[in-house]
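# Breakdown of the fold
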Amino acid sequence: MRQLASTRAPATSAEPPVPDGPVSIVERIACWSVRHRKAAVLGWLAFVAVAFIVGHALGAPSVQQYDPGQAGQAERMLTRLHVVSPPAESVLIRAPGAAPAQVRQAGLAVTRALAARPGAARAVAGPVLSADGRAALVTFEVAGPNARADSTVTADLAAVARVQAAYPRLTVREAGAASTDRVATAVLAHDYAKAKNTSIPLTLILLLGVFGALIAAGIPVLLAGTAVVAAISLLAIPAHWLPVNSGTSEIILVIGMAVGVDYSLFYLRREREERAAGRSREAALRIAAATSGRAIVISGVTVMIALAGLFLSGVNIFTGISAGTIMVVGVTVLGSLTFLPGLLAWLGPRGDKCGLPWLGRCRERARSSRAWAGLAGRVVKHPVAWGGIGVIVLLALGAPALGMRLASPAVDLPANLPVVRTLAQIQQEFPGSPAPAQVVVTGAGLRGPAVQREVAALAARATATGPIRGPVTASVVDGGRGMVIEVPLAGNGSDRASTAALAQLRDRALPDTLGRAGVTWAVDGTTADAHDLDGALHARTPLVFAAVAGLALLVLLAAFRSLAIPFVSIGLNLLSVGAAYGLVTLIFQDGHLEGPLGFTAYGGIIPWIPLFSFVLLFGLSMDYHVFILSRIRELWAGGQSATEAVVCGIGRTAGVVTSAAVIMVAVFSIFATLSGIDVKMLGVGLAAAVLIDATVVRGVILPAALALLGERAWYLPRWLAWLPGPGRAHRPDAPAPVPVPAPVPVPVPVPVPVPVAAPVAAAVATGRLAPPATAPAP
C-alpha cells in the first residue's frame with residue numbers, strides 16, 4: 001500500500017511554503033485586490049453607488065409585453081389599431097333572503113352612482129338579474145388612461161361602498177381587472193418588503209452561527225446586498241428594450257442573496273482553512289483565489305448559462321427575469337473576485353473580531369467533518385448498495401410528478417381576500433362573465449353586410465348552457481380598420497370547461513362564420529392567454545432543457561478535464577429536480593399541507609413553475625457540485641487515490657456546503673410564507689431541491705458514483721487534451737508533501753538455536769528478518 005502525502009502543516013513555526021506554478025487570471029485579480037485593497041473596496045462601493053444613480057436616472061420604462069401564440073397576435077393587432085382595452089369591472093348585488101325587487105332597486109342605485117362619475121366609469125350596463133332574481137350584476141369600464149386605472153378605480157369603489165351603506169341587508173361588492181390589480185400590487189409590495197426584511201436578518205443570524213463572529217458574518221451579507229442593489233439598479237438599462245415584469249426585483253433579491261452567501265462561504269472558509277494550516281493571510285488569500293475563486297467562476301458561468309436558457313422559452317415574462325438574474329450572478333462573481341479578497345486583506349485580524357462567546361474561537365478553525373467523511377467512507381466501500389438506495393429514494397419522491405397537470409388558478413391571490421371571494425361569487429351567479437374571449441378582426445368591409453351577417457351568425461351560436469355564452473357584442477374601432485367582438489365562455493376562465501369553449505370558438509365557430517367573410521381574426525382573453533402560454537411552454541421546454549444541459553456539459557468538461565464528471569453532475573441535478581417536482585405536485589396539486597402553507601389547491605401547477613424551477617435549480621445546485629468536485633479533484637491531482645480524494649473532499653467541504661444549504665433553504669422557505677400561490681410553489685420547490693441536493697445527493701449518490709468510476713472519473717480522451725486546465729500533477733494550491741521516514745524494525749527476541757543466532761542478528765541489523773534456508777537439527 002503506497003504512502004500518502006500528509007495534508008497537515010509541518011510541526012514548525014515557519015509558514016508552509018506555497019509551491020510555484022502557473023498563476024491563473026483569478027489569482028492575478030485577487031493578488032491585485034490584496035495589494036490595492038483600498039482601491040478594490042472603495043472601487044466596488046463606488047460601482048454600486050454609480051449603478052444606483054444610473055438606474056434611478058434612467059427610470060423604469062414600460063416595454064409592451066405580449067403573450068405567446070394567437071393571444072399575442074391579437075394583442076399586436078390591438079396595438080396596431082391603437083386600441084387599449086380599458087379594465088372591466090363588475091358589481092355584484094346579492095341577497096339570498098331578499099326579494100328580487102330589492103336586488104333590482106340596489107342594482108339601479110349602483111348604475112346611477114357610477115354613471116354620475118364619468119371620469120371614473122364609462123359604458124355602465126345593467127343591472128342584469130340572475131335566473132332566480134336573487135342576484136344582479138352591473139358592469140362598466142374604468143375611465144381614463146389605463147396607466148392610472150389602479151388609482152381611478154378607487155372612486156368607483158367608493159361609490160359602490162356608499163350604495164352598500166344604503167342597503168346594509170344586501171351584499172354590494174365590486175371586483176374586476178383594475179380592483180384586482182390594485183390589490184395584487186399591494187400584496188406584491190407587502191411580500192417584497194417581507195422577503196427583504198426577513199431574508200437579510202435571517203441570513204445574518206445563520207452566518208453568525210457559521211463564523212462565530214459578527215464582522216465575518218456580515219461580509220457575505222454585505223457582498224450579497226450590494227450585488228442585489230447594483231443588479232436591480234442596472235436592470236433599468238435592458239428594460240429599455242426588454243419587457244421586465246414587476247416581480248423581477250423579488251426574484252433578483254432571493255437569487256442574489258443565495259449566490260452571494262454561497263460564494264462568500266466558499267472563499268472565507270478556504271481562507272480560514274489555509275490560515276489554520278499556518279499560512280499568512282496573503283498566501284491564504286492567494287490559495288483561496290486559486291481554488292475557491294476558480295470554483296466560483298465555474299459555478300457563476302454555469303448559473304448564468306442556465307438562466308440564459310429562459311430566453312429560448314419564447315415567453316416575454318421570462319426575458320426580464322432572465323436578464324435580471326444573470327446580471328445579479330455576474331455582479332456577485334465580480335465582487336467575489338475583487339471586493340471580497342480586498343476587504344479580507346483590509347480587515348486583516350479584525351475580520352475575526354466581535355466573536356460570540358465559546359462559539360467564535362471554535363468557528364475560527366475550519367475542520368473536516370467526521371460525520372460526512374464517515375458516511376462517505378461507508379458509501380465508497382459499498383457504492384452499489386448505498387447509491388441504489390439513494391437513487392430509489394429520489395425516484396420515489398419524483399414519482400408524483402408523472403401526474404403533474406399544468407393549469408393556472410382563476411386569481412393568483414389568497415382566497416380569503418374580499419376581491420377574490422367576490423370574483424368567485426360572480427362566477428357562480430353569472431357563469432362566463434369574468435372571462436370573456438376577445439376576438440380581434442381586421443380586413444376590408446367590416447361595416448359591410450357580409451361581415452355583419454357572419455357576426456350575427458356567431459352571436460346566434462351563443463346559448464345559456466353551451467360553450468359559447470351570450471350576449472355577444474361587437475364594436476368597430478380605428479375608423480373601420482378593425483373590430484373587437486367579446487364572446488363570453490363557459491367555465492371560470494381557467495378550468496377545463498373554459499379551455500374546451502375556447503377550442504370550440506377558435507376551431508369551429510369562427511372558421512364557420514368569420515372565416516367565410518375573408519377577414520383576419522385572432523382570439524385573446526384570460527383563457528386564451530393561459531392556453532397559449534401552456535402551449536408555448538410545452539413546445540419550448542425540451543429545447544430549454546437540452547440547451548441548458550448541453551452548454552453546462554461543455555463548461556464542466558473544460559473546467560474539470562473529465563468526460564464522466566459532466567454527465568454525472570447533470571444526472572444528479574436532474575434527479576434532485578425531479579424529486580422537487582414530485583414534492584410540489586404532491587403538496588400543491590393534490591392539496592397536502594394546505595393549512596400549514598396557507599393556500600387552496602385547485603388541482604394543478606402553474607405552467608411556468610416547472611421550467612423556471614428547473615433553470616434556477618440547475619444553476620444553483622451546481623454551486624455545491626462544482627465546489628465539492630473542485631476539492632476532490634484538487635486532492636486527486638495532489639496524489640491521493642480516487643476514493644481517498646472522495647472521502648477527504650466531502651469531509652473538508654462539508655462545513656461550507658452544509659452552512660450554505662441551511663441558509664439557502666431558509667431564504668427559499670420565506671417564499672412559502674408569502675401570499676401568492678406561485679411564489680409558494682417556487683419557494684417550496686427550491687428549498688426541497690437544495691435540501692435533497694445537499695444531503696442525499698452530496699452524501700450518498702455522488703460518492704457512490706465516483707467510487708464506481710474510480711480513476712475513470714478523471715479520464716480525458718487524447719482528442720480532448722487541448723482543453724485548458726491542470727492535469728494530474730502537484731499544483732500550487734495542493735499541500736506540500738512531507739517526507740515520511742521508513743519504518744525502523746524492532747528486534748523481537750526469539751528463541752533460536754545457537755548456530756543460527758549470528759545470521760538472525762545480521763538480518764535484524766539490516767532490516768531483513770528471514771529464517772535460514774535450512775535449520776540444523778537440534
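These lines cover the structure that appears in this document, whether it is placed above or below. Because the structure is a prediction, the values reported are computed rather than measured.

## A short note on the sheet that holds strand 8 (residues 520–524)
Strands sit in the order 6-7-5-8 across an open sheet of four strands; the sheet is antiparallel. With partners counted over all chains shown, the strands left at the sheet margins are strand 6 (473–477) and strand 8, one partner each. Recorded for the sheet is a direction-independent mean angle of 20° between the axes of neighbouring strands. Two strands pair when backbone bridges link them, and strand 5 (residues 437–442) and strand 7 (residues 482–487) are joined in this way by six bridges, in the antiparallel orientation. Looking at strand 7, one finds that Q438 is bridged to E486. Running over the sheet, helix 17 (residues 496–512) touches strand 5, strand 7 and strand 8 and is turned about 165° from strand 8.

## What to know about the sheet that holds strand 4 (residues 171–176)
Taking strand neighbours across the sheet as the criterion, the four strands line up as 2-3-1-4 in an open arrangement whose pairing is antiparallel. Among the strands making up the open sheet, the edge pair consists of strand 2 (121–129) and strand 4. Strand-to-strand twist across the sheet, computed as the mean angle between neighbouring axes with direction ignored, equals 15°. In terms of strand pairing, strand 2 meets strand 3 (residues 135–142) through five bridges, oriented antiparallel. Directly across from A125, in strand 3, lies its bridge partner T139. Each of strand 1 (88–94), strand 3 and strand 4 touches helix 6 (residues 177–211); the most contacted strand, strand 4, lies at about 80° to it. Set on the sheet, helix 15 (residues 418–429) makes contact with strand 1, strand 3 and strand 4; between it and strand 4 the angle comes to about 100°.

## Things to note about the packing of aromatic side chains
Inspection of every chain in the model, using the stated rule, returns 10 aromatic pairs. Aromatic pair F318 and F612: ring centres 6.0 Å apart, planes at 10°, arrangement stacked. Taken together, the residues F318 in helix 10 (residues 316–337) and F612 in helix 21 (residues 608–637) connect sequence positions 294 residues apart. Taken individually, F318 and F612 each receive the classification buried, so the pair is uniform in this respect. Each ring, one from F588 and one from F599, has its centre 4.7 Å from the other, and the planes form 40°; the classification is tilted. Linking F588 in helix 19 (residues 564–589) with F599 in the loop between helix 20 (594–597) and helix 21, this pair joins segments that are 11 residues apart in sequence. We note that F588, like F599, is buried. What links up through ring pairs into an aromatic cluster is the set W44, F47 and F339. Note that R698 overlies the ring of W372, its terminal NZ or CZ placed 3.8 Å from the centroid.

## Description of the environment of L533
With respect to the secondary-structure elements, L533 resides in helix 18 (residues 526–560). For L533, a relative accessible area of 16% corresponds to the buried category. Note: C-alpha distance between L533 and P607 (74 residues apart in sequence) is 7.7 Å.

## Re a nonpolar patch on the surface
A cluster of nonpolar residues, V50, V54, L58, I237 and W241, forms a patch on the protein surface that exposes about 450 Å² of accessible area. Judged by relative accessible area, W241 falls into the exposed class, the value being 56%.

## A short note on helix 2 (residues 37–58)
Taking 1.5 Å of rise per residue, 22 residues should cover 32 Å, and helix 2 covers 31 Å from first to last C-alpha, within 8% of that figure. When we look at burial in helix 2, the residues that qualify are A40, V41, W44, V48, A51 and G55. For helix 2, the angular spread of the buried residues around the axis is 105°, confining them to a single face. Among the exposed residues of helix 2, those oriented more than 90 degrees off its buried face are K38, I53, H56 and A57. Looking at the buried residues of helix 2, the elements they touch are helix 1 (25–35), helix 7 (214–234), helix 10 and helix 11 (339–347).

## Remarks on the packing of helix 2 against helix 7
Packing of helix 2 against helix 7 brings their axes to within 7 Å, and their N-to-C directions diverge by 30°. With respect to their mutual orientation, helix 2 and helix 7 come out roughly parallel. Where helix 2 crosses over helix 7, the two elements pack in a sense that is left-handed. Here W44, F47, V48, A51, F52 and G55 of helix 2 lie close against helix 7, whose contacting residues are L223, T226, A227, V229, A230, S233 and L234. Considered class by class, the residues forming the contact of helix 2 with helix 7 number 10 nonpolar, three polar and no charged.

## As for the side chain of S576
Tracing the backbone shows S576 in helix 19. With relative accessibility at 2%, the residue S576 sits in the buried group. If sequence neighbours within four positions are ignored, S576 has contacts with L394, A689, I692, D693 and V697.

Reading guide: rules and limits
- Residues numbered from 1 in each chain as written.
- Predicted model: local features only at pLDDT ≥ 70, side-chain atom pairs only at ≥ 80, totals over all residues.
- Heavy atoms only, no water.
- Pairing = 2+ DSSP bridges.
- Helix = DSSP H or I, 4+ residues; strand = E, 2+ residues; numbered from the N terminus.
- Axes fitted to C-alpha atoms, helices over the stretch in contact; angles between N-to-C directions.
- Contact = heavy atoms within 4.5 Å.
- Phe/Tyr/Trp six-rings, centres within 6.5 Å; stacked < 30°, edge-to-face > 60°.
- Buried < 20%, exposed > 50% of the residue type's maximum accessible area, 1.4 Å probe, protein only.
- Lys NZ or Arg CZ within 6 Å of the ring centre and 35° of its normal.
- Patch = residues over 30% accessible without salt bridge, like charges linked within 9 Å, V, L, I, M, F, W, Y side chains within 5 Å.
- Areas by Shrake-Rupley, 256 points an atom, 1.4 Å probe, with all protein chains shown as cover.
- Salt bridge = Lys/Arg side-chain N within 4 Å of Asp/Glu carboxyl O.
- Expected span 1.5 Å × (residues − 1).
- Arc of directions from axis to C-beta.
- Parallel < 35°, antiparallel > 145°, perpendicular 65-115°, else oblique.
- Left-handed = near helix turned anticlockwise from the far one by under 90°.
- Nonpolar A, V, L, I, M, F, W, Y, C, P; charged D, E, K, R; others polar.

Interpretation note: all reported values are geometric properties and have no functional meaning in isolation.
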